[in-house]
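Chains, contacts and geometry: an overview
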Amino acid sequence: MKKLIYLILVTLILTACSGNNNDILSEENSLTPDKREVLTLGFLSANSSVLRELSLSIKTSNFNEFNHRYRVELKEYEDADKLNMDIATGKSPDIILLPSGFMLDVHAEKGAIIDLYPLLDNDRHLKRADLQEHILKTYEINGQLFTMPLYYTILTMAAARSELGETDSWTLDEMIAYANQKLPESHVFYNHSKTVVLEVCLYANLESLIGWDSGGLFDRAMFLKILNFANQFTADDLFNLADPFNQIKDGVVQLQSWPISSTMVLQWIQFNFDAPVTLIGLPTQQGSGNIAQSDALLAISQSSKNKEEAWSFISYLLTEENQIFDFIPIRKSAFEIHISKFRGGTVTNRWSDIVFESYPATEEEMLQFRNLVLSVTKSQSRHEKASDILREEAQSFFSGAKSAEEAADVAADRIAVYLSELW
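Structure report, in brief. (Residues numbered from 1 in each chain as written. Predicted model: local features only at pLDDT ≥ 70, side-chain atom pairs only at ≥ 80, totals over all residues. Heavy atoms only, no water.)

**As for the overall build of the protein**
On a plain count of helices and strands, the protein comes out with 19 helices and 16 strands. Residue burial in the protein is summarised as follows: out of 423 residues, 51% are buried. Partitioning the intrachain contacts of the protein with sequence separation of at least 6 by distance along the chain shows that 78% fall at a separation of at least 24. Accessible area for the protein stands at about 19500 Å²; split by element, carbon and sulfur atoms hold 52% of it. (Helix = DSSP H or I, 4+ residues; strand = E, 2+ residues; numbered from the N terminus. Buried < 20%, exposed > 50% of the residue type's maximum accessible area, 1.4 Å probe, protein only. Contact = heavy atoms within 4.5 Å. Areas by Shrake-Rupley, 256 points an atom, 1.4 Å probe, with all protein chains shown as cover.)

As structure tokens, then:
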């Protein structure tokens, strides 16, 4: 009898200890591991570098170690069309790691993925205020959050402060007017191919251009302006990358776009320009042209039978200890660690023997980085299909197959069909 009582007490103690081991992961220990339900996390093979940055295999194993009711299994997709089809037909993984612009608008509008805000608001361990809410807002669609960015970078346009002054934004017309003053003596942009200049113009203006907020009214005049401006630059097949440092130094390049992830990148930009810089952003009709972009976007499928458990895994990835990246974390407390942790290092220019020595950020650089983060009002466009339409019609003009007017007319018709399918 004493032996039986002892075994019962040991069992109760072990059960209590395992229940307290990681409260955010599980408070139940009622099923043995081999009986646990499976949550699948789908990702594209092309996005495997994100898994490495996230240390997702390790974090999944840690989650599974302490969760006695559910386990997460990774499911790799080599074919983007297959993943899209599974999402659209209700055969999706419970959790989906989405690359930027991966038909997010289509899947959200069709109800294939769910709004994450209700799950976030019901989370006992995590609140909206723990996260950078202004960044979350940029990922909203009609006030709903269909994807959670775990980290991000900020795409901006940099120039010497002596060129542009202290301004932190500009319109498409202002950028075109500035560039036209420099052409043809200089390239203006470091990557001055027609296609890249087109992307610079489209990036922060896509919603306005396709009429997303104006009932589908395509801005044909803006598209024509972009086409004719981009067509002044180097044909794609003739463009070759060269040393940006010397091109900026020689005054051939005045504008350079950069994805900024840390104060070290700010120092690198200033090193390239050898002068104080203005982060003016990409041209935009409203807000800031400093744009959040992320390939670490998590969504939950409408077809998942375990939505709250799927959210518990996302919530786990948002804990401070799991938010330590080389990129900007979405959690505020992890951001404070990120901004202060860099202690300096050496970078060698890959085109030359020029060596850049970084150093702990100054107060001015810390402030500039914080202001850059706070300036963000947009994320990378979710309308990838619309972008593809405009790129295709632009190429038909660049190649000489169509006039600018013909390309704009066809683009307008195709965008109208695209929006009608969504609405």
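So that's the structure; there's more coming.
**Points about helix 19 (residues 404–422)**
Owing to its 3.6 residues per turn, the α-helix brings residues three or four apart onto one side. Its 19 residues place the ends of helix 19 27 Å apart at the C-alpha level, agreeing with the 27 Å of an ideal helix rising 1.5 Å per residue. Among the residues making up helix 19, those that are buried are Ala-404, Ala-407, Ala-408, Ala-411, Ala-412, Ile-415, Tyr-418, Leu-419 and Leu-422. Buried positions in helix 19, seen along its axis, are confined to an arc of 135 degrees and lie on one side of it. Tucked into the core, helix 19 has its buried residues touching helix 5 (104–109), helix 11 (206–210), helix 12 (220–230) and helix 18 (384–398). (Expected span 1.5 Å × (residues − 1). Arc of directions from axis to C-beta.)

**Brief notes about the pattern of salt bridges**
According to the stated counting rule, one finds 16 salt bridges in the structure shown. Salt-bridge contacts for Arg-391 lead to Glu-199; the nearest nitrogen and oxygen are separated by 2.5 Å. With Arg-391 in helix 18 and Glu-199 in helix 10 (residues 194–203), the pair connects residues that are 192 residues apart, well separated along the chain. Using a relative accessible area of 24% as the deciding quantity, one classes Arg-391 as partly exposed. In this structure, Arg-391 engages Glu-384 in a salt bridge whose closest nitrogen and oxygen atoms are separated by 3.3 Å. Under the relative-accessibility criterion, Glu-384 is labelled partly exposed at 24%. Connected through salt bridges with shared partners, the residues Glu-199, Glu-384, Asp-388 and Arg-391 form a single ionic network. (Salt bridge = Lys/Arg side-chain N within 4 Å of Asp/Glu carboxyl O.)

**Points about the nonpolar core**
Among the nonpolar cores identified, the biggest contains 79 residues, and Leu-54, Met-148, Ile-260, Trp-311, Phe-313 and Leu-318 are the most heavily contacted of them. Ranked by residue count, the leading element in this core is helix 15 (residues 307–317), at six residues. When near neighbours in sequence (up to four residues on either side) are disregarded, Trp-311 contacts Leu-116, Leu-119, Leu-120, Asp-123, Leu-126, Met-148, Ile-300 and Leu-318. If you look at the next biggest cluster of nonpolar residues, it comprises 48 residues, including Leu-183, Cys-201, Trp-212 and Phe-233. (Core = buried A, V, L, I, M, F, W, Y, C linked by side-chain atoms within 4.5 Å.)

**Focus: the packing of helix 14 (residues 263–273) against helix 17 (residues 363–375)**
At their nearest, the axes of helix 14 and helix 17 sit 10 Å apart, and the two run at 105 degrees to each other. In terms of orientation, helix 14 and helix 17 fall into the roughly perpendicular class. Of the residues in helix 17, those touching helix 14 at Thr-263, Leu-266, Gln-267 and Gln-270 are Glu-365, Gln-368 and Phe-369. Among the residues making up the contact of helix 14 with helix 17, the classes are represented as two nonpolar, four polar and one charged. (Axes fitted to C-alpha atoms, helices over the stretch in contact; angles between N-to-C directions. Parallel < 35°, antiparallel > 145°, perpendicular 65-115°, else oblique. Nonpolar A, V, L, I, M, F, W, Y, C, P; charged D, E, K, R; others polar.)

Read these as geometric descriptors, not functional statements.
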